[in-house]
Amino acid sequence: MAIDAYAAWMLAQEARSLLNRVDRMQPFVLIEPMVPAAALPAPAQAAIERHLTLGRRELRTMVRRFLDWLRGPAARRVSVADAQRRFTFLRLKFNAALTQFDLFIDVVTQRSEHGNGVWLAGLDAVSRDALRLPGGYFDSPPLVCYLDRGPGAAIRRARTRLPGGGENPVAIIRVPRERMIGSSIASSLVHEVGHQGAALLDLVGSLRPVLQALQHGGSGPGHVWRLWERWISEVVADFWSLARVGVVATLGLIGVLSLPRVFVFRLNGDDPHPVPWLRVKLSCALGRLLYPHPQWTRIERLWDGFYPLDGLVAHDRLLLEQLTASLPAMAGLLAHHRPRALRGASLMEAMAVGARQPARLARLFRWWHAAPQRMYDSAPSLVLAVIGQARADGLLAPEDESVLLARLLTYWAMRGTLAGEGTARIER
């Protein structure tokens, strides 16, 4: 049955309704109230608005092409069912494209929440600093944060494909509400930043061939290195976090991974994360290599006390013991890896871990205690490393830490806003 006038009219009405939905979408800068200190970083705001403007334009074009087809002679040669099928696919594409708009809603609307909005802007500043490496190895994309439920953080990396098509213009980091505010936020946040940094340096791509070679002639059983290859993306992100914020990265992992025993020892063949028990052990092995200090043995013994291997079935215990034996080699492989993007430098050298040595962090804490403005003027990732070390050393109570971090996040948000107006320093 060829399409009749009534069917064509009905489909046109539906298509015009889609156009009306697009026309009612306004730029976020016109509809979202927030204090200036809570606003998105200017490059991120501009990138998001450009992306959404282009998206609205493409949606309009898609619908108008359908309307033009519906009014033309080609539509009169198809059946009503075929015309309806075309519109159904149009609507599916339309709704898929709208998910891109929804993706940014939490990022923007939470900036209007009292307290949280400004703290999120402070976390944006931490993220930018945690991604930045001396040496100019890559162009950093904008990074923005938002809060969500659940114990874990996540990232949608910049320059990856979005739902419905198109390239994500900014890195979007989901931060667990339950981790606000304490130094453990540094562990989760910088781990996700590490995923973006690893992508910019192609660390996973450069490490996989090494791990594959170790499966056929390295020290230890081949299946051990196959597992490390499976887990390498998360392992690299853990390395980044440890290299940028020190011991708090490990303590934060313990906070997230302190689960019922069955989950801590679970080996899931499809999970890109290492076995939780082993993941903390690797963090201690990396810390021991990057930052020699007795604290790593103390932390590892604590973790072993929380989750002893006693009671595991023989096969699982043997596998974990084999993986544990490979930890020094895995830590050395990561620290001394020299990807092409680093132009001859190793990861340990490029990330300047000398500035995060525990003794230096302890000295800075004492120095800043006498002159707090020096702390506020320092790089955010360094400040979080110092606070985390002080917490690990028992020099900073959780209550005082929470108050201090709230002040710091507010300050970094204000500094970022005023820096855009030519004033970077705020006297306290």
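Treat the numbers as computed from the prediction; the structure is a model and nothing was measured.

1. Observations concerning the overall build of the protein
Secondary structure assignment for the protein yields 19 helices and three strands. Projected onto its principal axes, the C-alpha positions of the protein cover 80 × 60 × 45 Å. Per-residue burial over the protein gives 51% buried out of 428 residues. A separation threshold of at least 6 residues defines the contact pool for the protein, and within that pool the share at least 24 residues apart is 75%. For the protein, the computed accessible surface area is about 19700 Å², with 55% contributed by carbon and sulfur atoms.

2. Some details on the domain arrangement of the protein
Segmenting the protein into domains produces domain 1 (5–109), domain 2 (183–348) and domain 3 (354–419). For domain 1 versus domain 2, the separation of C-alpha centres amounts to 44 Å.

3. Quick look at the layout of surface pockets
Counted as a void, the largest pocket has a volume near 750 Å³. As for the largest pocket, its lining consists of 38 residues, of which His191, Glu192, Glu234, His273 and Arg279 are closest to the centre. Contributing elements (two or more residues each) for the lining of the largest pocket: α6 (184–201), α7 (203–214), α8 (222–245), α9 (247–257) and α11 (276–290). Sorting elements by how many residues they give to the lining of the largest pocket places α6 first, with seven residues. Looking at the lining of the largest pocket residue by residue, the classes come out as 18 nonpolar, 11 polar and nine charged. Here the second largest pocket is characterised by a volume of approximately 430 Å³. Forming the walls of the second largest pocket are 23 residues, and the residues nearest its centre are Pro41, Ala42, Pro43, Arg128 and Gly416. When residues of the lining of the second largest pocket are traced back to their parent elements, those giving at least two are α3 (42–71), α5 (116–131) and α19 (398–419). It is α5 that provides the largest number of residues to the lining of the second largest pocket, a total of five residues. Each of domain 1 (5–109) and domain 3 (354–419) contributes no fewer than three residues to the lining of the second largest pocket.

Calculation notes
- Residues numbered from 1 in each chain as written.
- Predicted model: local features only at pLDDT ≥ 70, side-chain atom pairs only at ≥ 80, totals over all residues.
- Heavy atoms only, no water.
- Helix = DSSP H or I, 4+ residues; strand = E, 2+ residues; numbered from the N terminus.
- Buried < 20%, exposed > 50% of the residue type's maximum accessible area, 1.4 Å probe, protein only.
- Contact = heavy atoms within 4.5 Å.
- Areas by Shrake-Rupley, 256 points an atom, 1.4 Å probe, with all protein chains shown as cover.
- Domains from an automatic or database assignment.
- 1 Å grid on protein atoms, 1.4 Å probe; cavity = no way out; pocket = protein on both sides within 12 Å on 5 of 7 lines; lining within 4 Å.
- Points joined across faces, edges and corners; volume = space filled by probe spheres on them.
- Nonpolar A, V, L, I, M, F, W, Y, C, P; charged D, E, K, R; others polar.

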